[in-house]
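Here is what each chain is made of, one letter per residue.
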Amino acid sequence: MNTEKRVRTRFAPSPTGYMHIGNLRTAIYTYLIAKKYHGDFILRIEDTDQGRYVEGAVEKIYDTLRVCGLNWDEGPDIGGPVGPYVQSERMGIFKEYAEKLVQSGHAYYCFCTQERIDEMHRQQKEAKVSNMMYDRHCRDLPKEEVDRLLAEGKPYVIRQKIPLEGTTTFHDILYGDITVENSTLDDQILLKADGMPTYNFANVVDDHLMGITHVVRGNEYLSSTPKYNLLYEAFGWEIPEYIHVEHIMRDATHKLSKRDGDAYFGDFVEKGYLVPAIMNYIALLGWAPKGENEIFTLDELVNEFDISGLSKSPAVFDPAKMTAINAEYIRRMSHEDFKKAAMPYIRQTVKREDADFDTLLEALQPRTELLTEIPEKVDFIDAVPEYSDELYFNKKMKTNAETGLEALKMILPVLESVEDWNAESVHTALFAEIEKQGVKNGWMLWPLRVALSGKAMTPGGGVELCAVLGKDESVKRVKAAIEKLTK
RNA sequence: GGCCCGUUGGUCAAGAGGUUAAGACGACGCCCUUUCACGGCGUAAUCAUGGGUUCAAUUCCCGUACGGGUCACCA
């Protein structure tokens, strides 16, 4: 990769809705390349399609990029030396450059009506034309004719005049040289009838004017890149380095989709994924680090990232792997951070104030993969849910409702006798009793867990639950369980 | 359909003309453990396919299959 010049990359989304996860990944790679080489990361809004503009979408882009820590050095909101950074505010520029191209013979006015184009497409389809392109009807209109139509005020577009013969080769850092026959390239529209540029044109002009050195974008642009190169050549501009990244798939044949609720950044935040974990995982989808570590903060990624680790084939999104990474992030949180993150979820099902939340959080943290699992995990704290006596049966512990009753009757006086109530004192007292009775730990503690929680799986065992619930509540629950089993 | 791109375990993937073909997630098993986890240890599982080139190919070349992308006054 050529880094002689100051590296400048850009993320150029269209304000057409929410932030797609694939788009976000492109933003991450784009950011990383800029930062890795101490260059500039630029945000540009490509809103040249007046019809697709979505209210609030620009703010959504800002918000997402910000919470992800992908801070831009130049952009619509903060300005910069080569603004404006919103394409609709640059209309005059594009028209001027399109006309330059007409003058130099690399583009031409086209007065074809939409009806004529539609009819042409219809006929091409009927004739089963394999490569449907504009038929170049206006390509060689005499100058006088063009001037006359222009003077009449006839609507027009400006099309790129692709060479009829020869080939065009472009270079991609990942894919190497790619060559195509010019005869397969369409005389694409550069300037639309409404005076707005197409993406294909605006993109080239802006990337040049903004001094972009490395163009990072989705692989769907691979096939139009030869046309971009022809444009750069027509202008006599230096061609940037291209890095096309493959798509993220739901499975081998489908892209992530809106319908499955797995396409947007916000979907995952809602599902309880931590933002750094999402970033970490999607960075890994289509890119492999050199070493064996897989957990990286954004800053660490800046150092670790290397273009050579990018993949040329599509990657299937694996929710299980992202969950595992999320769990790793949760485990690595400090107690305080976890508390801050988890309490709102605990509060969804726990209203009481007198529980020992620190003990609960300690038990919860290594058992939590997704924050959204928490409410269900702690929903027994306010009150024991309805449960079946079957729960007392545990093959490994050799317990059942009968032995459970026996154990709980032993436990009750022990708990009542504990003075200074905490996990340690309860543990000491209970284990003394276990030894005294000569029973297995589980024989005594499994029923305690059930009695306290009405669940087979809880954050922590009987001892921790005692500590969490407090003496009065624990004793009360054990008594209630004895009563329930006695009936 | 034309053109372009791709194909290493279930998934993400490293890798190199000669390797026991990494690692992670997942699965399974064992250990630890008062459950579930966490942690530890281990097992199974991969070079799409047919031809070349070569002493040697999963690695290089060609074809085939499969998959993806693109063929808009959308980006």
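That block above? That's the structure.
All figures in this text were calculated on a predicted structure; none of them were measured in a lab. (Residues numbered from 1 in each chain as written. Chains lettered and ligands numbered in written order. Predicted model: local features only at pLDDT ≥ 70, side-chain atom pairs only at ≥ 80, totals over all residues. Heavy atoms only, no water.)

Before we go on, may I ask you to explain the pattern of salt bridges in this structure?
Oppositely charged side chains can pair when the atoms bearing their charge come close. Summed over all chains, the structure comprises 36 salt bridges. Here E328 and R332 are joined by a salt bridge, their closest N and O atoms 2.8 Å apart. Here E328 pairs with R332, and both are found in helix α11 (residues 319–332), just 4 residues apart, close to one helical turn. Exposure remark for E328: the relative accessible area of 21% places this residue in the partly exposed category. According to the relative accessible area criterion, R332 is exposed, its value standing at 54%. The partner of K455 in a salt bridge is E376, and the shortest N-O contact between them spans 3.5 Å. Here E376 lies in helix α14 (residues 374–377) and K455 lies in the loop between α17 (441–453) and α18 (462–469), a separation of 79 residues in the sequence. For K455, a relative accessible area of 13% puts it in the buried group. One network of salt bridges, with partners in common, ties together R10, R44, E46, R90, D206 and D207. (Salt bridge = Lys/Arg side-chain N within 4 Å of Asp/Glu carboxyl O. Helix = DSSP H or I, 4+ residues; strand = E, 2+ residues; numbered from the N terminus. Buried < 20%, exposed > 50% of the residue type's maximum accessible area, 1.4 Å probe, protein only.)

Could you clarify how one ought to interpret the sheet that holds strand β4 (residues 157–160) in this entry?
Strand pairing in a sheet takes place through backbone hydrogen bonds and is either antiparallel or parallel in direction. The 3 strands lie next to each other as β3-β4-β7, forming an open sheet whose pairing is antiparallel. The two strands at the open ends of the sheet, each matched to only one other strand, are β3 (107–110) and β7 (189–191). Neighbouring strand axes in the sheet, compared pairwise and without regard to direction, differ in orientation by 40° on average. (Pairing = 2+ DSSP bridges. Axes fitted to C-alpha atoms, helices over the stretch in contact; angles between N-to-C directions.)

What's the story with the protein's contact with RNA strand B in this structure? I'm lost.
Around RNA strand B lies a shell of 63 residues, among which S130, K192, K321, R367 and R449 are the nearest. When the atoms of RNA strand B within 4 Å of the protein are grouped by moiety, sugar and phosphate amount to 70% of the total. Sorting the residues of the surface near RNA strand B by element identifies α4 (114–126), β6 (176–181), α6 (199–209), β12 (315–316), α11, α17 and α18 as the ones contributing at least two each. A per-element tally of the surface near RNA strand B places α17 first, with 5 residues. (Near = heavy atom within 4 Å.)

Where do I start with the packing of aromatic side chains in this structure?
Each aromatic ring pair is specified by the distance between its two centres and by the angle formed by the two planes. Applying the stated criterion across every chain yields a total of 20 aromatic pairs. Pairwise contacts between aromatic rings join Y97, F201, Y232, F235 and W237 into one cluster. Looking at R159, its charged tip hangs above the ring of Y134, at a distance of 3.6 Å from the centre. Taking NZ or CZ as reference, K484 lies 4.7 Å from the ring centre of Y387, over its face. (Phe/Tyr/Trp six-rings, centres within 6.5 Å; stacked < 30°, edge-to-face > 60°. Lys NZ or Arg CZ within 6 Å of the ring centre and 35° of its normal.)

Even after reading the chapter, I still don't get the sheet that holds β12, so can you show me in this structure?
A sheet is described by the order of its strands in space; here 3 strands give the open sequence β11-β10-β12, paired in mixed fashion. Edge positions in the sheet fall to β11 (254–255) and β12, since each has one partner strand and no second. Sheet analysis places strand β10 (residues 248–251) next to β11, joined by 2 bridges and oriented antiparallel. In the strand pairing of β11, M249 is matched with K255.

For this particular structure, what's the right way to read the pairing of strand β5 (residues 167–172)?
Put simply, side chains in a regular strand alternate between the two faces of the sheet. Of the two faces of β5, the one lined by T168, F170 and D172 is fully buried and the one lined by T167, T169 and H171 carries no buried residue. A loop of 3 residues connects β5 with β6, the two strands running antiparallel in sequence.

Before we go on, may I ask you to explain helix α12 (residues 335–349) in this structure?
In an α-helix, one turn spans 3.6 residues; hence positions three or four apart end up facing the same way. The end-to-end C-alpha separation of α12 is 21 Å, in line with the 21 Å expected for 15 residues at 1.5 Å each. In the structure, α12 departs most strongly from a straight axis at A342, where the bend amounts to approximately 40° and where the proline P344 lies between one and four residues downstream. Considered for burial, the residues of α12 that qualify are F338, A341, A342, M343 and I346. Those residues of α12 that are buried are in contact with α11, α13 (357–364) and α14. (Expected span 1.5 Å × (residues − 1). Bend = angle between axes of the 7 residues up to and from the residue. Contact = heavy atoms within 4.5 Å.)

For this particular structure, what's the right way to read the environment of V414?
Looking at the secondary structure, you find V414 in helix α15 (residues 401–417). Between the C-alpha atom of V414 and that of M196, which follows or precedes it by 218 residues, the distance is 81 Å. With residues up to four places along the chain from it excluded, the contact list for V414 reads A429, L430 and E433.

I'm lost on the nonpolar core in this one. Help?
Soluble, globular proteins show a tendency: their nonpolar side chains are buried together. If you look at the biggest cluster of nonpolar residues, it comprises 109 residues, and the most contacted ones within it are L70, I346 and L415. If sequence neighbours within four positions are ignored, L415 has contacts with W421, V426, L430, L448, C466, K471, V475 and V478. Of all hydrophobic cores here, the second largest spans 31 residues; its members include Y85, A107, I212 and A234. (Core = buried A, V, L, I, M, F, W, Y, C linked by side-chain atoms within 4.5 Å.)

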